Amino acid sequence: MQDIKIITRHLNTASSADIDVYMADGGYQALKKALSMTPDEVIAEVKRSKLVGRGGAAFPTGLKWELTRKEKANPKYIVCNASEGEPGTFKDRLILKNDPHMVLEGFIIAAYAVGTSQGFIHAREVYTEEIELFQKAIDQATERGFLGQNIMGSNFSLDIQFYKSAGAYICGEETALFESLEGHRGIPAARPPYPVQVGLMDKPTTVNNVETLCNVPAIINNGADWFAAIGHPDYPGTKLFCLSGNVKEPGVFEMPLGTNLKDLLEAGGGVDGKFKAVLPGGISSSLLTEMDVNLDFKTLAKAGTMLGSGAVIVINSDTSMVNVASNVAHFFDEEGCGKCSICREGTRRAAEILSRFSRGQGNRNELEWLLELHEVMKDTASCGLGQVALNVAASAIRNFKGEFLAQVRKEEGVWLR
Amino acid sequence: MESIWKEKVDGVITQSGSSRLSLLPCLEAVQEECGYIPHEAVNYLRECLSIPSIDIYGMITFYSLLSTNQKGKYVIRLCNSLPCYLNGTENILDTLVDNLGIEPGQTTLDQRFTLELVPCLGLCDQSPAMVINGVVYGKLTAQLVTEVLDELRTY
Amino acid sequence: MVTLNIDNKQISVPEGTTIMQAAKQANINIPHLCYFEGLKSYSGCRVCVVEIEGEPRLATSCSRKVAEGMKVNTHSARVRRARRTILEILLANHPQDCFNCERNQNCDLLRLAFECGVKKLRFEESEKRVLPIDSTSPSIIRDPNKCIACGRCVRVCHDIQTVNAIGFINKGPDTMVATSMDRGMGNVACANCGQCILVCPVGAIKERSAVDAVWAAIADPTKHVVVQEAPSVRVSLGEELGLPAGTLVAKKMYAALRRLGFDAVFDTNFTADLTIMEEGSELVERVKDGGVLPQITSCCPGWVKFMEHYYPELAPNVSSAKSPQQMFGAVCKTYYAEKSGIDPKDIINVSVMPCTAKKFECQRPEMNDSGFKDVDYVLTTRELARMIKEAGLDFASLDEEPAEDLLGLYTGAATIFGATGGVMEAAIRSAYTLITGRELENLDIEPVRGLEGIKTASVNIDGLEVKVAVAHGLGNARHLLDEIKEGVSPYHFIEIMACPGGCVGGGGQPIRFDSTLKKKRGEALYEEDRNMAKRCSHHNPSVEKIYKDYLEKPLGKRSHKLLHTEYTSRPVV
């Protein structure tokens with residue numbers, strides 16, 4: 001198996017956040033090269049590389065840039081999504097701390113390709129150290145002429161505005177992110193239209209995840225063919241898998257898409273305890289009860305779950321699946337925006353019901369209702385949050401029904417029918 | 001205190017303009033300065049940015065890092081999301097509740113500590129984890145928590 | 001044009017039409033809660049979901065635009081199950097005491113639950129909310145426990161009225177409609193227009209009721225209870241009592257009021273004519289003496305409070321004339337008391353209004369020029385209908401009766417007050433005579449009629465081009481007001497009504513989600529006007545009598561004391 005490190009190659013380099021250290025390893029060469037190409041050529045290269053978004057939606061990056069660029073409306077905007085609110089995801093934190101310039105270089109090239117001179121970064125407020133390093137990186141880049149007016153003597157200018165998130169998971173969703181920047185409550189918008197057509201301030205906007213942008217300098221430097229040859233033929237390149245939960249050495253592991261979960265677990269020191277289940281795409285995905293599965297978008301979708309942003313959460317046999325389901329349901333109860341009646345009321349009812357089960361006060365009928373509620377939420381909720389909110393609960397009920405039945409309220413020693 | 005947050009708000013507006021795009025950074029500046037958003041600040045922002053006060057109040061109540069109530073000197077934010085939970089958040093919470101004598105969402109009588117259960121802090125590789133006034137504490141144990149609280153009581 | 005298939009029917013509609021609008025054209029009314037014609041679509045309730053062939057999930061028909069060749073199923077089993085589940089889960093968080101809810105006859109949640117086949121409520125162990133009721137306002141009461149967060153009230157207050165008194169707060173299941181810093185509607189810059197009540201699909205917002213107080217007053221043998229009714233009530237009351245919209249029921253209304261036990265039945269239209277005399281004279285004076293122009297009408301208390309909050313510097317532009325309701329209260333407890341020999345301390349004045357702001361107006365501290373509280377209680381059209389039902393009256397079969405002349409006679413000019421542009425038209429008819437001494441030949445001033453947001457006209461009065469403007473809906477009013485602030489207003493006289501449509505669309509009117517009603521009610525008023533012998537305020541014999549016997553003349557000393565008022569300024573909160 002290839003052991004290519006594109007994004008984490010500076011992980012152990014001291015002061016890799018400093019621009020001089022970054023440039024000593026070829027930093028900002030990709031930007032120079034990109035500026036010598038036309039934006040359309042840059043887009044073509046990234047399209048050929050088959051890079052797909054690493055934030056969870058896996059949309060082809062080059063295509064996204066192209067769709068935004070093609071729109072007639074101006075100005076256009078580009079947003080770097082460093083919201084990282086998904087439980088079990090901590091890769092962007094690592095990147096921002098260790099290699100902010102790599103993100104920045106990718107961001108500037110992306111802005112050039114899309115045809116915008118106004119970039120926004122939306123980062124988790126919690127990442128105070130990382131934000132400081134990133135802001136420092138922006139200052140350094142501006143000093144050297146990689147940001148600001150007439151970058152590297154070209155016609156291209158880029159100004160970056162930094163926004164700290166104010167504590168709402170839903171603002172990691174791009175349309176809610178726009179609302180937040182625009183000074184509104186973070187309520188996701190109805191789609192269509194999509195952000196590439198109507199985005200920030202109703203203008204065509206590209207939103208890219210931190211990890212996605214990190215791949216861009218390497219693609220420009222080494223070429224699309226080099227990238228397309230790495231790893232999975234449909235999803236080339238590497239993925240930062242975040243391994244957490246009941247594992248001995250939780251952390252971020254850069255591996256090709258399609259890596260088998262067993263290999264990832266091995267890299268993480270193995271399961272802490274006995275393996276029971278895994279959430280390959282964090283709490284938005286459905287439970288898997290087997291270890292022998294390849295971690296890529298298509299394989300996991302076929303298995304009835306998903307990869308998302310690669311937040312792999314491992315659960316051992318000491319853990320009650322009822323409590324897991326309850327914990328996740330409470331998360332979505334707290335973090336939903338409240339617009340859609342089905343999600344607003346559904347997440348509250350689900351959290352309530354699962355709390356009761358946790359306390360051994362469950363009502364057996366409620367298991368069936370939760371499964372039906374899950375179907376209706378998937379069908380009718382406006383945004384991804386409502387659609388996935390009961391994935392964990394539903395898959396827990398289906399795969400571990402016995403545990404739930406054991407938590408049904410016993411009245412006078414009789415099981416409720 | 002009013003003059004300081006006003007200055008910060010004016011600073012944001014000078015840099016980013018007086019459109020609605022400045023509302024979030026302005027609110028964050030006030031929150032950072034005062035630990036909450038006083039209603040005078042809501043009035044000031046209404047005037048400076050021409051935004052209805054109900055919209056500003058709607059913003060404050062939507063975002064969990066903004067508040068209209070003063071919190072304790074130290075705001076203990078303990079992660080309650082799944083990865084931390086799988087590694088023992090419940091024990092840590094019990095330790096905190098016993099030690100502080102308050103439940104999540106409450107503030108100690110001496111106004112020193114506020115305890116909050118928060119969603120994922122992005123510290124899953126150091127779970128269970130908490131953040132207190134911007135400082136990260138990871139790989140928590142009951143003992144470590146007690147030590148941290150003891151130390152914070154000395155300031 | 002786009003052609004699509006909805007429920008096996010081919011429909012062609014212009015591009016940009018939503019699926020819901022297209023379905024309506026095919027006579028399919030897709031169930032919905034948060035959608036409201038005239039408001040931006042919110043797609044929050046999800047009830048209007050439909051199945052689009054080839055798409056993995058259901059789509060909201062209120063927001064989704066049609067596409068060529070689209071195939072839509074509005075009520076497949078999957079859609080119906082989704083709707084039932086949504087309604088069920090809304091009901092799980094809703095009080096179950098429909099029997100005493102004011103909206104149980106026209107609650108959309110109740111109706112849709114039945115129509116969409118909700119058979120039983122699962123989720124029965126759900127914890128019910130216990131949120132405090134906002135009763136800080138004298139006009140409007142909000143019950144957040146009944147709120148389904150559809151956002152219609154927020155949208156009408158923000159986008160149409162531009163008042164921004166209410167909005168969403170909190171997040172997720174704690175989302176609710178509230179006021180800034182939870183101050184309550186009575187403590188923020190709310191105009192009391194009640195448009196929020198008219199759009200609410202359930203019983204979460206209603207007027208503060210005066211029904212019990214009025215029953216008690218009627219039952220009190222020591223009290224002489226007098227009633228006045230606004231122009232709009234006579235063309236709307238019938239809707240609540242089995243008659244078609246726009247039926248003129250003035251004379252049945254008087255009969256019903258007597259059956260209910262009111263001691264004297266008068267009519268606000270009398271003082272509407274009186275208002276024209278005072279306000280028209282004021283306008284003529286301002287024009288002649290170089291007073292502050294444009295003059296703006298003052299009979300709408302929603303507009304007046306709005307002005308006091310947002311445009312207090314324009315107070316000098318506002319006419320000092322009181323509203324017809326308040327003029328009535330003042331002359332009733334003085335002129336009428338004198339004429340009838342009844343001690344004014346024993347008179348209780350009740351008004352029936354299409355309006356919720358009138359409840360605020362009657363308790364303004366300065367409204368006591370009679371020496372007593374000029375108007376004691378205000379009932380909305382809806383409240384009167386309830387009293388009539390409670391008394392078991394068969395309204396439609398009542399014989400017609402007249403009101404008493406003294407404060408009850410009116411002209412066509414008065415009755416059109418209820419429609420937007422009506423005050424303006426009435427004022428022009430008399431101002432013309434006041435200035436020229438002659439009668440205006442064509443009394444129908446079309447340019448100020450209709451539902452256009454802002455209407456303008458120019459009237460030639462003996463060489464003087466009098467420019468007038470009419471706005472209804474506070475969002476529209478702002479355009480005219482901002483012009484005045486900037487010093488570029490070309491008008492002499494402006495009529496402002498807070499409610500879209502004018503008073504016929506007032507916050508106290510029957511609640512029907514039917515956009516044709518305002519037009520029908522307004523047209524009924526114009527028809528009454530056309531059929532009246534006297535169509536100008538200065539021809540009202542009772543008005544002539546009150547000046548001759550009591551007030552002396554418009555803007556005279558007594559008129560000034562009883563019929564004019566002052567304004568204050570209120571903070572924007």
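Remember, it's a predicted structure, so these values are computed and weren't measured experimentally.

Moving on to the overall build of chain C. In terms of regular secondary structure, chain C is built from 19 helices and 17 strands. The globule rule puts the C-alpha radius of gyration for 573 residues at 25 Å, and the 25 Å found for chain C is close to it. Seen through its C-alpha atoms, chain C measures out along the principal axes to roughly 75 × 55 × 50 Å. When burial is assessed residue by residue, chain C has 56% of its 573 residues classed as buried.

Whether parallel or antiparallel, the strands of a sheet pair through hydrogen bonds between backbone atoms. All names here are of chain A. The four strands lie next to each other as S3-S2-S1-S4, forming an open sheet whose pairing is parallel. In this open sheet, the two strands that pair with only one neighbour each are strand S3 (159-164) and strand S4 (205-209). On average, each strand axis in the sheet is tilted by 20° relative to the strand beside it, whichever way the strands run. As judged from the five bridges shared by strand S1 (residues 77-82) and S4, these two strands associate in the parallel manner. Each residue of the ladder has a partner; that of valine 79, found in S4, is valine 207. Along the sheet, helix H6 (residues 100-114) contacts S1, strand S2 (118-123) and S4; its crossing angle with S1, the most-contacted strand, is approximately 150°.

Next up on the list: the interface of chain C and chain B. Facing twelve residues of chain C, the contacting portion of chain B comprises eleven residues. When residues in the side of chain C that touches chain B are grouped by element, the largest group, four residues, is from strand S7 (residues 166-169) of chain C. Partitioning the side of chain C that touches chain B into residue classes produces six nonpolar, five polar and one charged.

A few words now on the domain arrangement of chain A. You'll often see interface size given as the accessible area lost when the parts meet. All names here are of chain A. Its domain assignment divides chain A into domain 1 (17-228), domain 2 (236-314) and domain 3 (319-404). Contact residues are listed per partner, giving eight residues for domain 2 and nine residues for domain 3. Class assignment for the residues of the side of domain 2 that touches domain 3 results in three nonpolar, four polar and one charged.

Turning next to the UniProt feature "domain: 4Fe-4S His(Cys)3-ligated-type" (unreviewed entry) in chain C. Here, the residues flagged by UniProt with the feature "domain: 4Fe-4S His(Cys)3-ligated-type" (unreviewed entry) are residues 78-117 of chain C. The distance from the first to the last C-alpha atom of residues 78-117 of chain C is 13 Å, and the span holds 55% helix and 0% strand.

Okay, the interface of chain B and chain A next. Taken together, the contact between chain B and chain A spans 29 residues of the former and 41 residues of the latter. Of all the elements in the fold, those that place two or more residues in the side of chain B that touches chain A are helix H2 (23-34), helix H4 (53-62) and helix H5 (82-86) of chain B. Grouping the constituent residues of the side of chain B that touches chain A by class yields 20 nonpolar, six polar and three charged.

What follows covers the environment of lysine 33 of chain A. Residues and elements named next belong to chain A. Structurally, the position occupied by lysine 33 is in helix H2 (residues 29-36). Accessibility expressed as a C-beta count within 10 Å gives 15 for lysine 33, which makes it partly exposed. Remark: the alpha-carbon pair of lysine 33 and isoleucine 109, spanning 76 residues in sequence, is separated by 9.6 Å. Not counting the four nearest positions on each side in its chain, lysine 33 is found in contact with Ile220 and Asn221.

Attention now goes to the pairing of strand S8 (residues 311-316) of chain A. Strand residues, when the strand is regular, have side chains that alternate between the two faces of the sheet. All names here are of chain A. The element S8 is largely enclosed, with a buried count of five among its six residues. By the bridge criterion, four bridges tie strand S5 (residues 238-245) to S8 in an arrangement that is parallel. Bridge assignment links leucine 243 to a residue of S8, and that residue is valine 312. Relative to S8, strand S7 (residues 275-279) is paired through four bridges, and the arrangement is antiparallel. Within the sheet, the bridge partner assigned to phenylalanine 275 lies in S8 and is asparagine 316.

Moving on: the packing of helix H9 (residues 268-289) of chain C against helix H11 (residues 324-340) of chain C. All names here are of chain C. Direction vectors running N to C along H9 and H11 enclose 100°, while the axes themselves pass 8 Å from each other. Between H9 and H11, the crossing angle belongs to the class labelled roughly perpendicular. Between H9 and H11, the contacting residues are Thr268, Thr271, Ala272, Leu274 and Thr275 on the first element and Pro324, Gln325, Met327 and Phe328 on the second. Among the residues making up the contact of H9 with H11, the classes are represented as five nonpolar, four polar and no charged.

For the rest of this paragraph, the subject is the nonpolar core. Residue and element names in this part refer to chain A. Ranked by internal contacts, the top residues of the largest apolar core, which has 362 residues, are Ile108, Ile109 and Ala393. Per element, the largest residue contribution to this core is eleven residues, and it comes from H6. When near neighbours in sequence (up to four residues on either side) are disregarded, alanine 393 contacts Ala325, Val328, Ala329, Ala350, Leu354, Leu370 and His374.

Our focus in this paragraph is helix H4 (residues 152-160) of chain C. Residues and elements named next belong to chain C. Across the nine residues of H4, eight count as buried, placing the element largely inside the fold. Within H4, burial applies to Arg152, Cys153, Val154, Arg155, Val156, Cys157, His158 and Ile160. Considering only its buried residues, H4 is in contact with S7, strand S8 (176-179), helix H5 (195-199), strand S9 (205-207) and helix H16 (474-485). Threonine 162 occupies a position one or two residues after H4 and carries a positive phi of about 50°.

Residues and elements named next belong to chain A. Taken together, four strands build an open sheet; the order of strands is S6-S5-S8-S7 and the sheet is mixed. Each edge of the sheet is formed by a strand with only one pairing partner; in this case those strands are strand S6 (251-256) and S7. Sheet twist, expressed as the mean angle between neighbouring strand axes with direction ignored, is 30°. As paired elements, S5 and S6 share six bridges and run antiparallel to each other. By the bridge assignment, leucine 243 is partnered in S6 with glycine 251.

This part covers the domain arrangement of chain C. Residues and elements named next belong to chain C. What the domain assignment reports for chain C is domain 1 (1-88), domain 2 (128-207) and domain 3 (221-561). Using only C-alpha atoms to locate each centre, domain 1 and domain 2 end up separated by 28 Å. Taken together, the contact pairs eight residues of domain 1 with ten residues of domain 2. Residue composition of the side of domain 1 that touches domain 2, by class: six nonpolar, one polar and one charged.

With that settled, consider the pairing of strand S1 (residues 74-79) of chain B. All names here are of chain B. With respect to burial, S1 is a largely interior element, five of its six residues being buried. Relative to strand S2 (residues 113-118), S1 is paired through six bridges, and the arrangement is parallel. By the bridge assignment, tyrosine 74 is partnered in S2 with phenylalanine 113. Here three bridges tie S1 to strand S3 (residues 130-132), and the two strands are oriented antiparallel to one another. Looking at S3, one finds that leucine 78 is bridged to methionine 130.

Rules of the game
Residues numbered from 1 in each chain as written. Chains lettered and ligands numbered in written order. Predicted model: local features only at pLDDT ≥ 70, side-chain atom pairs only at ≥ 80, totals over all residues. Helix = DSSP H or I, 4+ residues; strand = E, 2+ residues; numbered from the N terminus. Rg over C-alpha atoms; globule rule 2.2 N^0.38 Å. Buried ≥ 20, exposed ≤ 12 C-beta atoms within 10 Å, placed from the backbone. Pairing = 2+ DSSP bridges. Axes fitted to C-alpha atoms, helices over the stretch in contact; angles between N-to-C directions. Contact = placed C-beta atoms within 7 Å. Nonpolar A, V, L, I, M, F, W, Y, C, P; charged D, E, K, R; others polar. Domains from an automatic or database assignment. UniProt positions renumbered as here; feature names shortened; annotations may be inferred. Parallel < 35°, antiparallel > 145°, perpendicular 65-115°, else oblique. Core = buried A, V, L, I, M, F, W, Y, C linked by C-beta atoms within 7 Å.

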